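Given next are the chains, with one letter for each unit.
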Amino acid sequence: MKQRVLLWWQGLAQREQQLLLLCVPVLLLGAFYWLLWQPLHQAQARNAVAIQQVQQQLQALQQAAPLLQGAAVTARSGGSLSQIISTSARSFNIRVSRMQPQNEQLQLVLEDVAFEQLLPWLHQLYYQNGVRLVQVDVAATDKAGIVRVRRMVIE
């Protein structure tokens, strides 16, 4: 192989040899630039942009963290779960027809109630008393805006 290259080289004219001696380093530099340097440089630029975006997201989350933690539910206050339900239901004029404790949960059955009255009550239970709604079975009645809560499990 080496002898073939030497024979080929010696078969070239003096000008052709000089031209090749000038072109080969230029071609090698070009190949180095387009095959190695430029792809690495572009990847570095893409990574820098990605890092900047992630840092902006992190900063936004850190700024939102106090708001999100402030919206967290407070611990249950105001006595036992049945006392909280009784007191708050009375203040919203909601009648509880059955209250049955089950371990840490409480199963309720409510008399027919206006849907617009039920939602603020559940909102207050969650955000002010720390009572979490686990399951609710609501059915429509013949009266518009009135619902029947057949089963509601809270904890």
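A short tour of the structure in this document, coming up. (Residues numbered from 1 in each chain as written. Predicted model: local features only at pLDDT ≥ 70, side-chain atom pairs only at ≥ 80, totals over all residues. Heavy atoms only, no water.)

On to the overall build of the protein chain. A tally of helices and strands in the protein chain yields four helices and five strands. Listed N to C, the secondary structure of the protein chain is α-α-α-β-β-β-α-β-β in terms of helices and strands. The C-alpha atoms of the protein chain give 38 Å as radius of gyration, which overshoots the globular expectation for 155 residues (15 Å, by more than 25%). With respect to the three principal axes, the spread of C-alpha positions in the protein chain is 110 × 35 × 35 Å. Looking at the protein chain as shown, the accessible area adds up to about 12,100 Å², and 58% of this sits on carbon and sulfur atoms. Once the 13 positive and 8 negative side-chain charges of the protein chain are each reduced to a mean point, those two points are 13 Å apart. (Helix = DSSP H or I, 4+ residues; strand = E, 2+ residues; numbered from the N terminus. Rg over C-alpha atoms; globule rule 2.2 N^0.38 Å. Areas by Shrake-Rupley, 256 points an atom, 1.4 Å probe, with all protein chains shown as cover. Lys, Arg positive; Asp, Glu negative; His and termini not counted. Charge placed at Lys NZ, Arg CZ, Asp CG, Glu CD.)

Attention now goes to the pairing of strand β5 (residues 146–154). Pairing between strand β2 (residues 105–110) and β5: three bridges, direction antiparallel. Pairing of L106 across the sheet is with I154, part of β5. As defined by bridge partners, strand β4 (residues 133–140) adjoins β5 across seven bridges and the pair is classed as antiparallel. Bridge pairing in β5 places A139 opposite R148. Count of turn residues in the β4/β5 antiparallel hairpin: five residues, of which G145 carries a positive phi of about 80 degrees. (Pairing = 2+ DSSP bridges.)

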